[in-house]
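Commentary on secondary and tertiary structure
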Amino acid sequence: MVLSVDGIATPVQGIDDPALGRVVAAIVAASRDVATHVRAGALLEMPDTDGAQNVHGEVVHALDILGTERFVEAFDDSDAVAGLVCEELEEPKFFDPTETAGSYLCVLDPIDGTSNADIAITIGSIFGVFPTPAGVPLEGEQPFLRPGTDLVAAGYVLYGSNTVLVLATEGLVQEFTLDAAGGEFHLTRENIQIPDDCPYYSVNQGYADRWDPAVRRAVDVAREGRSLRYVGSLVSDFHRDLIRGGVFLYPADASSPNGKIRVLYEAGVFAFIVAQAGGAASTGSGPVIDLVPSAVHERTPLFVGNANAVEAIDLALRG
Ligand code: AHG
Ligand code: MN
C-alpha cells in the first residue's frame, strides 16, 4: 500500500500508515515554508535572536528560531506526533496526548549548517521518526533514548540550488524535488543506492593539530586518491556522498572528545539513511545505527558514506 502525502505529488512508496503520512506531510509543510525564507534571504523579515545561544552554547540564527517554530506547529497540527527532540530545544517537547495516541516520536535538526545560513550556502533540515514505544511513559528523555535501528523513517530537506527532500524508509531511499511554482515535491530519484566509486572525502582539515595518531592515520586512509570537499553543512556533504559517492568524517579531537555531531538527530538519521542505500556509518568503535544515546543531545564521532571507505577508516583507527 502506498499513501498520497499532502505536498508530495506522487503516492509515496514505503509510507503505509496514514499517521506516518501525516508526519511526512507536516515535514513537507514546514520545510516548504523554511525553503521560502532561505530563498528570500535578507529580503524577508526574520525573528529577532537577541544574540541568544542554544543548549550547545552556539549562537542562534534567526532561521533556527523560524525553523523550530514551523516544525513544532506542523507536528502539533498533524495529530500524529506525540513528542519531539529538537536541536534547538533543551528539553523534549510533548504534544497533547489525547490527540496523538498511537503516533510517532520525532527527532529534528531544524537548520543544519547554521553558520552557512546568511551567506547563501546550502543548509538543510534533518529528521527521524520513531514509533511511540509501548509501556514507556511519555515524559523526560527516556522515550527517545533508542538506537537508529528503531527508526521507521528518516531523511532531510536540502535548501540548495533547488530544494530536495530525501526520505528513507525500510529498504528504500527516495528523493523528491520541490517545484517552487506549484509548491509540490515530485519524485526525482526512485531508489537511491550509494555508488561503489568513492571519489570524495570530507573532513575539517583545520583541526589536524588536535587529532590523535589514530585519527591522523584514518584521515590519511580516507584521503588516498580522493578529492576533498567540505561544505560545513553535514546535510550537504552527506547528500553529495549519497548521490556521487564519498565519505564524511567528523572525528573526536582534543577539544571535542566526542566529536560534534549529535547522535539522535544527525548521526543516527544519516546511519539509517545510508544503511538503506548500501553504505555504512561508524563511530570508530561500532555501527552508529546501534548506538543508544544516554542523553538526547549526546554527541558521537562519525564516519559515514561508502561502506568500503568506512571499513578502511575503522581499520586505520584500530591501528
Ligand atoms: P549545526 O547543526 O549546529 O549547524 O552544526 C553543523 C555541523 C555539521 O552540519 C557540519 O558538518 C559541522 O557542524 C561543521 O563543523 P565544523 O565547523 O566544526 O567543521
Ligand atoms: Mn546540525
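Residues numbered from 1 in each chain as written. Chains lettered and ligands numbered in written order. Predicted model: local features only at pLDDT ≥ 70, side-chain atom pairs only at ≥ 80, totals over all residues. Heavy atoms only, no water.

With seven of its seven residues buried, strand 8 (residues 163-169) lies for the most part within the structure. Along strand 8, one buried face is formed by Thr163, Leu165, Leu167 and Thr169 and the opposite face, lined by Val164, Val166 and Ala168, is buried too. Where strand 7 (residues 153-159) lies against strand 8, seven bridges are found, and the strand directions are antiparallel. Bridge pairing links Leu158 to Val164 in strand 8. (Buried < 20%, exposed > 50% of the residue type's maximum accessible area, 1.4 Å probe, protein only. Helix = DSSP H or I, 4+ residues; strand = E, 2+ residues; numbered from the N terminus. Pairing = 2+ DSSP bridges.)

Right, let's talk about the nonpolar core for a bit. Nonpolar side chains in soluble globular proteins tend to end up buried together. Counting residues in hydrophobic clusters, the biggest one holds 44 residues, and the most contacted among them are Ile8, Val23, Phe75, Leu84, Val129, Leu165 and Leu167. A per-element tally of this core places helix 1 (residues 18-40) first, with 12 residues. Not counting residues within four places of it along the chain, the set of residues in contact with Val23 comprises Phe75, Ala80, Val81, Tyr104, Cys106 and Val129. Membership of the second largest hydrophobic core comes to 42 residues, among which are Leu105, Leu151, Val288 and Leu302. (Core = buried A, V, L, I, M, F, W, Y, C linked by side-chain atoms within 4.5 Å. Contact = heavy atoms within 4.5 Å.)

Moving on to the pattern of salt bridges. Enumeration over the complete set of coordinates arrives at 10 salt bridges. One salt bridge in this structure joins Arg210 and Asp253, with 3.7 Å as the shortest N-O distance. Of this pair, Arg210 sits in the loop between strand 11 (200-202) and helix 3 (213-223) while Asp253 sits in the loop between strand 13 (246-250) and helix 5 (263-276); the two residues are 43 residues apart in sequence, bridging distant segments of the chain. The partner of Asp237 in a salt bridge is Arg240, and the shortest N-O contact between them spans 3.0 Å. Of this pair, Asp237 and Arg240 both sit in helix 4 (residues 234-244), separated by three residues, roughly a single helical turn. Here Asp237 and Arg240 have matching classes, each one buried. Three or more residues are tied together by salt bridges with common partners; here these are Asp33, Glu69 and Arg70. (Salt bridge = Lys/Arg side-chain N within 4 Å of Asp/Glu carboxyl O.)

Before going further, it helps to spend a moment on the packing of aromatic side chains. Evaluated as defined, the whole model comprises seven aromatic pairs. Aromatic side chains Tyr230 and Phe248 sit 6.2 Å apart centroid to centroid with 10° between the ring planes, which places their arrangement in the stacked category. One end of the pair, Tyr230, is in the loop between strand 12 (227-228) and helix 4; the other, Phe248, is in strand 13, with 18 residues separating them in the sequence. Look at Tyr230 and you get partly exposed, because its relative accessible area is 32%. Here Phe248 falls in the buried class, since its relative accessible area comes to 1%. Considering the side-chain rings of Phe238 and Phe270, the 4.4 Å spacing of their centres and the 40° angle between planes classify their relative orientation as tilted. Here the residue Phe238 occupies a position in helix 4, and Phe270 occupies one in helix 5, the gap between them amounting to 32 residues. For the pair formed by Phe238 and Phe270, the shared burial category is buried. Taking NZ or CZ as reference, Arg240 lies 5.6 Å from the ring centre of Tyr200, over its face. (Phe/Tyr/Trp six-rings, centres within 6.5 Å; stacked < 30°, edge-to-face > 60°. Lys NZ or Arg CZ within 6 Å of the ring centre and 35° of its normal.)

Right, let's talk about the environment of Val221 for a bit. Tracing the backbone shows Val221 in helix 3. For the pair Val221 and Phe176, spaced 45 residues apart in sequence, the C-alpha separation works out to 34 Å. Setting aside residues up to four positions removed in sequence, Val221 forms contacts with Arg226, Ala312, Ile313 and Ala316.

Attention shifts here to the domain arrangement of the protein chain. Entries for the protein chain in the domain assignment read domain 1 (18-189) and domain 2 (200-318). Of the roughly 2,800 Å² buried where domain 1 meets domain 2, counting both sides, 66% is carbon and sulfur surface. Considering only the side of domain 1, the residues that lose the most area to domain 2 are Ile126, Leu145 and Tyr156, jointly responsible for 18% of the buried surface there. Summed over the shared surface of domain 1 and domain 2, the number is one salt bridge. Put simply, domain 1 and domain 2 have 14 residue pairs in polar contact (both at pLDDT 80 or more) between them. Listing elements by their share of the side of domain 1 that touches domain 2, those giving two or more residues are strand 3 (81-86), strand 5 (104-112), strand 6 (123-131), strand 7, strand 8 and strand 9 (172-179). (Domains from an automatic or database assignment. Buried area = accessible area lost by both parts, 1.4 Å probe. Polar contact = N/O pair within 3.5 Å; in protein donor to acceptor, adjacent residues only side chain to side chain.)

To continue, consider the site of ligand 1. Lining the immediate surroundings of ligand 1 are 18 residues, of which Asn204, Tyr207, Tyr230, Leu234 and Tyr250 lie closest. Interatomic distance of 2.8 Å between a backbone N/O atom of Gly113 and an oxygen atom of ligand 1. Interatomic distance of 2.9 Å between a backbone N/O atom of Thr114 and an oxygen atom of ligand 1. Across the complex, the protein chains shield 88% of the 480 Å² of accessible surface that ligand 1 would expose by itself. For the shell around ligand 1, the secondary structure elements donating two or more residues are strand 5 and strand 13. No other element matches the three residues that strand 5 contributes to the shell around ligand 1. Along the lines of polarity and charge, the residues of the shell around ligand 1 split into six nonpolar, five polar and seven charged. Both domains that furnish three or more residues to the shell around ligand 1 are identified here as domain 1 (18-189) and domain 2 (200-318). (Near = heavy atom within 4 Å. Areas by Shrake-Rupley, 256 points an atom, 1.4 Å probe, with all protein chains shown as cover. Nonpolar A, V, L, I, M, F, W, Y, C, P; charged D, E, K, R; others polar.)

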